[in-house]
Amino acid sequence: MRTWREMRGFPLAVRLLLVNQLGVNTGFYLLIPYLATHLGENLGMSAAVVGIVLGVRNLSQQGLFIIGGSAADRLGARGVIIAGCALRTAGFALFALGDGLPVLLAASVLSGLAGALFNPAVRAYLAQEAGERKAEAFALFNVFATTGALVGPLLGSALLLVDFRTSALTAAGIFAALTVAQALVLPARKVEPSGSGVLGDWREVLGNRAFLAFSLAMVGMFTLENQLYLLLPDGAREATGWDGAAGIVFLVGTVANLAFQLRITRSLKSHGDRPRWIAAGLAVMALAFLPPVLAPGAVPVLASALLLYLGIMIASPFVMELIPRFGRPELTGTYFGIFYVVSGIAAAVGNTVVGRAMDAGESAGRAWLPWVCCAVFGAASAGGVAWLRHRGALPAPAEPVREKADA
């Protein structure tokens, strides 16, 4: 009930974007987790071809976030959000209608480009519409996103009892409905010119050394967040011998998010500066990977998941609130876009390192190795943010624009 009451206190545009994120994650996760199985088992593609199709989708999204961010600044976030959802509709429909490699590659490109467009645009629009209540808006955003990430796989597994095409068409239908809702409800906002060309905007953001240092310091957050889909499900299955154990991890995390996200954000917002809580959240995320090191079994893995969700709940809303404050309001989308390019690269590299640690730990009989690896990632990020805070390189919530060249 608290979530709904808080939601009603925001403008209609913000409320729609929150529901939009629920739909986006539901549609995405009911299809993408099962795509590799469909390509390999149903279509008989080799592992190499499956990797190419999935890699093209990931590269199309992660590599083009900067394009989506710049488009939001120059064309208006509303139009970019609508275009992104429309492209995702087309991409997912192609997954349903085509079996040939060229069609599947086109579907991957379209669905990846769609994410590159609407992800930074949604966050830029939300930051602009929420005003000084950015932290609460992004806390709600996390609640809806986490719920969608739980509902999506559950719905997808049920639809797969029919067939993959039904899942893909359902996902496409969700994005089509979101596209229509956004076109009807999201108000257009006047676009303020940045005063320079696209390359000039990029140079300005990339020249903000405080922002780049912060983005690099957040590598641990995105690497550890990705372990909700890699290390933790694997640990849950190993501990219980049950493939469905990963679903329990997501369920517990979603319930915790619904119950505590807003309370945590509101409480911490009124007690101290945001960078301190970002560092604290990262430290909790690092500690989350120690219980399975100290003791084997399902309970330590569950405790690890809860601590990881807690750390994300502490840090994430304040991270999202802080990003627009590094630069001019006219470049909010560009800042989010570049931040997500960095995070996408970080997640890819981090997952590779953790995956290698998982393989090495299994072959050497050192099951603790990937968990310790993740704890080190988190501790390094927490230390990085704490150092930037100590140097005064991070903007305070009340400050409109601030850049420290010596960060």
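In this text, all values refer to a predicted model and were calculated from it rather than measured experimentally.

1. Regarding the nonpolar core
Among soluble globular proteins, nonpolar side chains are generally buried collectively.
So, step 1. Grouped together as the largest cluster of nonpolar side chains are 121 residues, with contacts concentrated most on Phe214, Met218 and Phe339.
So, step 2. Setting aside residues up to four positions removed in sequence, phenylalanine 214 forms contacts with Ile278, Val319, Leu322, Ile323, Phe326, Phe339, Val385, Leu388 and Leu394.

2. Examining the side chain of threonine 179
So, step 1. By secondary structure assignment, the location of threonine 179 is in helix H9 (residues 164-185).
So, step 2. Relative accessible area serves as the criterion here: at 13%, threonine 179 is assigned to the buried category.
So, step 3. At 2.7 Å, the side chain of threonine 179 forms a polar contact with the backbone oxygen of phenylalanine 175.
So, step 4. Apart from the residues within four sequence positions on either side, threonine 179 is in contact with Ile82, Cys85, Ala86 and Thr89.

3. Brief notes about the pattern of salt bridges
So, step 1. Following the criterion strictly, the structure yields 11 salt bridges and no others.
So, step 2. The closest approach of N and O atoms between glutamate 6 and arginine 266, which form a salt bridge, is 2.2 Å. One end of the pair, glutamate 6, is in helix H1 (residues 2-8); the other, arginine 266, is in helix H14 (residues 245-269), with 260 residues separating them in the sequence.
So, step 3. Taking relative accessible area as the criterion, glutamate 6 reaches 5% and is therefore assigned buried.
So, step 4. Among the residues examined, arginine 266 registers a relative accessible area of 38% and is labelled partly exposed.
So, step 5. Residues aspartate 201 and arginine 74 are paired through a salt bridge, measuring 3.0 Å at the closest nitrogen-oxygen approach. Pair noted here: aspartate 201 is in helix H10 (residues 198-206) and arginine 74 is in helix H5 (residues 65-75), with a separation of 127 residues, a long-range link.
So, step 6. Look at aspartate 201 and you get buried, because its relative accessible area is 1%.

4. A closer look at helix H17 (residues 298-322)
Side chains of residues three or four places apart in an α-helix project in the same direction, reflecting 3.6 residues per turn.
So, step 1. Here H17 is 25 residues long and its end C-alpha atoms lie 36 Å apart, about the 36 Å a rise of 1.5 Å per residue gives.
So, step 2. The largest bend along H17 measures about 30° and falls at alanine 315, with the proline proline 317 one to four residues further on.
So, step 3. In terms of residue burial, H17 counts as a mostly covered element, since 18 of its 25 residues are buried.

5. Here we look at the environment of leucine 17
So, step 1. Residue position: leucine 17 is located in helix H2 (residues 12-29).
So, step 2. Relative accessible area serves as the criterion here: at 0%, leucine 17 is assigned to the buried category.
So, step 3. Once you skip the residues sitting within four places of it in the chain, leucine 17 turns out to touch Ile81, Val122, Tyr125, Leu126, Phe141 and Leu186.

6. Thoughts on helix H13 (residues 231-240)
So, step 1. Looking at H13, one finds that the buried residues are Leu231, Leu232, Pro233, Gly235 and Ala236.
So, step 2. For H13, the secondary structure elements touched by its buried residues are H14, H17, helix H18 (332-364) and helix H19 (369-391).

7. Structural notes on the packing of aromatic side chains
Describing an aromatic ring pair means giving the distance of the ring centres and the angle of the ring planes.
So, step 1. Considering all chains together, one arrives at 17 aromatic pairs under this definition.
So, step 2. Arranged with centres 5.7 Å apart and planes meeting at 90°, the rings of phenylalanine 339 and tyrosine 340 form a pair that is edge-to-face. The exposure classification of phenylalanine 339 matches that of tyrosine 340, with both residues buried.
So, step 3. Of the aromatic side chains, those joined through ring pairs into one cluster are Phe65, Phe211, Phe214, Phe222, Phe326, Tyr335, Phe339 and Tyr340.
So, step 4. Across from the ring centre of phenylalanine 10, 4.1 Å away, lies the NZ or CZ of arginine 133, which sits over that ring.
So, step 5. For the cation-ring pair, arginine 276 lies above tryptophan 277, with the distance from its terminal atom to the ring centre recorded as 4.8 Å.

8. Overview of the packing of H5 against H10
So, step 1. One can describe the packing of H5 onto H10 by two numbers: an axis separation of 11 Å at closest approach and a directional angle of 115°. As summarised for this structure, H5 and H10 are arranged roughly perpendicular, according to the angle between their axes. Between H5 and H10 lies a crossing of right-handed hand. Counting all contacts with H5, which are made through Ile66, Ile67, Ser70 and Arg74, the residues of H10 involved are Val198, Asp201 and Trp202.
So, step 2. Across the contact of H5 with H10, the residue classes break down as four nonpolar, one polar and two charged.

About the cut-offs
- Residues numbered from 1 in each chain as written.
- Predicted model: local features only at pLDDT ≥ 70, side-chain atom pairs only at ≥ 80, totals over all residues.
- Heavy atoms only, no water.
- Core = buried A, V, L, I, M, F, W, Y, C linked by side-chain atoms within 4.5 Å.
- Buried < 20%, exposed > 50% of the residue type's maximum accessible area, 1.4 Å probe, protein only.
- Contact = heavy atoms within 4.5 Å.
- Helix = DSSP H or I, 4+ residues; strand = E, 2+ residues; numbered from the N terminus.
- Polar contact = N/O pair within 3.5 Å; in protein donor to acceptor, adjacent residues only side chain to side chain.
- Salt bridge = Lys/Arg side-chain N within 4 Å of Asp/Glu carboxyl O.
- Expected span 1.5 Å × (residues − 1).
- Bend = angle between axes of the 7 residues up to and from the residue.
- Phe/Tyr/Trp six-rings, centres within 6.5 Å; stacked < 30°, edge-to-face > 60°.
- Lys NZ or Arg CZ within 6 Å of the ring centre and 35° of its normal.
- Axes fitted to C-alpha atoms, helices over the stretch in contact; angles between N-to-C directions.
- Parallel < 35°, antiparallel > 145°, perpendicular 65-115°, else oblique.
- Left-handed = near helix turned anticlockwise from the far one by under 90°.
- Nonpolar A, V, L, I, M, F, W, Y, C, P; charged D, E, K, R; others polar.

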